[in-house]
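Overview (structure and organization)
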Amino acid sequence: MNEQSDLERDVAQLLVTSLDLEDVSAAEIEPNAPLFGPEADSLGLDSIDALEIALAVNQAYGIELRADDEANSRIFATLRSLSAHIERERAAA
């Protein structure tokens, strides 16, 4: 298992809390595993979960994730990619 950075740990906890994930802890979310899709190693999230994540990220970090952003599939691919996007946006602000 890859080690989570501090921000990845925070974002993982945000996912668990905002999505009410009962079967997984923040520490168990593999940074490079897919967040969406039917793959065995993914969290199995769906488009409704993406909306919840976008809202939670906006509330927690003040970063707006737009539904029409062409980069969303890359941004939401993994915990690591989502955390990296948040870090870039915070640095640019």
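Attention in this report is confined to the structure presented alongside it.

Criteria and cut-off values
- Residues numbered from 1 in each chain as written.
- Predicted model: local features only at pLDDT ≥ 70, side-chain atom pairs only at ≥ 80, totals over all residues.
- Heavy atoms only, no water.
- Helix = DSSP H or I, 4+ residues; strand = E, 2+ residues; numbered from the N terminus.
- Rg over C-alpha atoms; globule rule 2.2 N^0.38 Å.
- Expected span 1.5 Å × (residues − 1).
- Buried < 20%, exposed > 50% of the residue type's maximum accessible area, 1.4 Å probe, protein only.
- Polar contact = N/O pair within 3.5 Å; in protein donor to acceptor, adjacent residues only side chain to side chain.
- Contact = heavy atoms within 4.5 Å.
- Salt bridge = Lys/Arg side-chain N within 4 Å of Asp/Glu carboxyl O.
- Axes fitted to C-alpha atoms, helices over the stretch in contact; angles between N-to-C directions.
- Parallel < 35°, antiparallel > 145°, perpendicular 65-115°, else oblique.
- Left-handed = near helix turned anticlockwise from the far one by under 90°.
- Nonpolar A, V, L, I, M, F, W, Y, C, P; charged D, E, K, R; others polar.

To continue, consider the overall build of the protein. Looking only at helices and strands, one finds 4 helices and 0 strands in the protein. Counting from the amino terminus, helix and strand elements in the protein follow one another as α-α-α-α. Its C-alpha atoms give the protein a radius of gyration of 12 Å, within 12% of the compact-globule value 12 Å for 93 residues. Along the three orthogonal principal directions, the C-alpha set of the protein runs to about 35 × 25 × 20 Å.

Taking 1.5 Å per residue, 13 residues should reach 18 Å; helix H1 (residues 6-18) reaches 18 Å between its end C-alpha atoms and fits that length. Where H1 is concerned, the buried positions are Leu7, Glu8, Val11, Ala12, Leu14, Leu15 and Val16. Directly beyond the C-terminal end of H1, a positive phi value near 55° is found at Asp20.

Examined against the element boundaries, Ser81 turns out to sit in helix H4 (residues 79-92). When its relative accessible area of 18% is taken as the criterion, Ser81 is described as buried. A distance of 3.1 Å separates the side chain of Ser81 from the backbone oxygen of Arg74, its partner in a polar contact. Residues in contact with Ser81, not counting those within four places in the same chain, are Arg74, Ile75 and Phe76.

Now for the pattern of salt bridges. A full pass over the atoms with the stated rule returns 3 salt bridges. The partner of Asp6 in a salt bridge is Arg9, with the nearest N and O atoms 2.4 Å apart. Residue Asp6 and its partner Arg9 are both found in helix H1; the two are separated by 3 residues, about one turn of the helix. For Glu8, the salt bridge is made with Arg80, and the minimal N-O distance between the two is 2.6 Å. Remark: Arg80 occurs in helix H4 and Glu8 occurs in helix H1; sequence separation between them is 72 residues. Among the residues examined, Glu8 registers a relative accessible area of 5% and is labelled buried.

The next thing to look at is the packing of H1 against H4. Interaxial distance between H1 and H4 falls to 9 Å at its minimum, and their mutual angle equals 110°. Classified by the angle their axes make, H1 and H4 are roughly perpendicular. When you trace H1 past H4, the crossing you get is right-handed. On H4, the residues touching Leu7, Glu8, Val11, Ala12 and Leu15 of H1 are Leu79, Arg80, Leu82, Ser83, Ile86, Glu87 and Arg90. Among the residues forming the contact of H1 with H4, the class breakdown is 7 nonpolar, 1 polar and 4 charged.

No statement about biological role is implied by the geometric values presented.
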